[in-house]
Amino acid sequence: DCSNWEALQVPDASTNVSLPSAGVTFDPLISTAGALSNNLANESPRVLTINGTGTLTISGDLTNNSTITHTAGTVTFGGISPQLIDGSSTTAFFNLTLNNSSSTGLTLNKPVNVSGALTLTDGFLLTDATNILTILDNATSSSGSSASFVDGPIKKIGNDAFTFPTGDGTRW
């Protein structure tokens, strides 16, 4: 629905999307497959909601200064250049997929939580002691591979059997 988006048009993979703090009537809702953006900036008090079978593929960076309500569906970081997650808010994803073909992948500049599934297809997910990836209770992760793993700290909540998909630099 274009009324949910800046300039009243549905973005594509080359569109830099800003969900501004004022001047927008509706908060964006992604409830079906196929939403795309390049860089995505979510400004307070906007709430980006992803539910149902909603999918969002981001080919640039995510700056989250507000709330993302992600209760179903998948967010994919699918760039060909290094990507990052930044902003003033911790970002919570239901399903998160990394499919970045650059030599580095996705860097967390803020903590990220995953409550559904982490899927590592291509690229490295770079974390540090402050900007940690947390896999919440009952969430799952693919096992990773030499082409895609978490490089840095990762935390798992709960007592589920879990294989940490970690590597170091280019070593898997």
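The preceding data block contains the structure.
Residues numbered from 1 in each chain as written. Predicted model: local features only at pLDDT ≥ 70, side-chain atom pairs only at ≥ 80, totals over all residues. Heavy atoms only, no water.

Secondary structure assignment for the protein yields zero helices and 17 strands. The C-alpha radius of gyration of the protein comes to 15 Å, within 12% of the 16 Å expected for a compact globule of 172 residues. Its C-alpha atoms give the protein principal-axis dimensions of roughly 45 × 35 × 30 Å. Buried positions account for 41% of the 172 residues belonging to the protein. Contacts in the protein between residues far apart in sequence, at least 24 positions, make up 23% of those at least 6 positions apart. For the protein, the accessible surface area stands at approximately 7700 Å², while carbon and sulfur atoms represent 52% of it. (Helix = DSSP H or I, 4+ residues; strand = E, 2+ residues; numbered from the N terminus. Rg over C-alpha atoms; globule rule 2.2 N^0.38 Å. Buried < 20%, exposed > 50% of the residue type's maximum accessible area, 1.4 Å probe, protein only. Contact = heavy atoms within 4.5 Å. Areas by Shrake-Rupley, 256 points an atom, 1.4 Å probe, with all protein chains shown as cover.)

What follows is about the pairing of strand β7 (residues 74-77). The alternating pattern of β7 places Thr74 and Thr76 on one face and Val75 and Phe77 on the opposite face, and all of these are buried. Bridge count for strand β5 (residues 55-58) against β7 is four bridges, and the pairing is parallel. Among the inter-strand pairings, Thr55 is bridged to a residue of β7, identified as Thr74. Where β7 lies against strand β9 (residues 91-99), four bridges are found, and the strand directions are parallel. Looking at the pairing, Thr76 lines up with Thr97 of β9. (Pairing = 2+ DSSP bridges.)

Counted according to the given criterion, the structure contains three salt bridges. We note a salt bridge from Arg46 to Asp27, for which the minimum N-O separation is 2.6 Å. Of this pair, Arg46 sits in strand β4 (residues 40-50) while Asp27 sits in the loop between β1 (17-19) and β2 (29-30), and the two are 19 residues apart along the sequence. Relative accessible area serves as the criterion here: at 10%, Arg46 is assigned to the buried category. (Salt bridge = Lys/Arg side-chain N within 4 Å of Asp/Glu carboxyl O.)

Moving on to the packing of aromatic side chains. On inspection of all chains with the given rule, the structure shows four aromatic pairs. For the pair Phe124 and Phe149, a centre-to-centre distance of 4.5 Å together with 45 degrees between the ring planes defines the contact as tilted. Here Phe149 lies in the loop between β14 (140-141) and β15 (150-151) and Phe124 lies in strand β12 (residues 124-126), a separation of 25 residues in the sequence. There is no split in this pair, since Phe124 and Phe149 are both buried. Residues Phe162 and Phe164 carry aromatic rings whose centres are separated by 4.9 Å and whose planes lie at 85 degrees to one another, so their mutual orientation is edge-to-face. (Phe/Tyr/Trp six-rings, centres within 6.5 Å; stacked < 30°, edge-to-face > 60°.)

It is worth spelling out the environment of Val112 at this point. Structurally, Val112 can be placed in strand β11 (residues 112-122). Under the relative-accessibility criterion, Val112 is labelled buried at 0%. Between the C-alpha atom of Val112 and that of Asn131, which follows or precedes it by 19 residues, the distance is 7.4 Å.

All right, on to the environment of Ser101 then. Considering the arrangement of structural elements, one finds Ser101 in the loop between β9 and β10 (105-108). The class of Ser101 is partly exposed, set by a relative accessible area of 47%. Linking Ser101 and Ile85, residues 16 residues apart in sequence, is a C-alpha distance of 17 Å.

Our next topic: the nonpolar core. Counting residues in hydrophobic clusters, the biggest one holds 30 residues, and the most contacted among them are Leu56, Phe77, Leu125 and Leu133. Ranked by residues supplied to this core, first place goes to β11 with four residues. Every residue in contact with Leu133, bar those within four places of it in the chain, is listed here: Leu108, Val112, Val114, Leu118, Leu125, Thr127, Val150, Pro153, Ile154 and Lys155. (Core = buried A, V, L, I, M, F, W, Y, C linked by side-chain atoms within 4.5 Å.)

Attention shifts here to the pairing of β10. Of the strand pairs in this sheet, strand β8 (residues 83-86) and β10 are connected by three bridges, and their pairing is parallel. Directly across from Ile85, in β10, lies its bridge partner Leu108. Where β10 and β12 come together, three bridges link them in parallel fashion. Bridged to Leu106 within β12 is Leu125.

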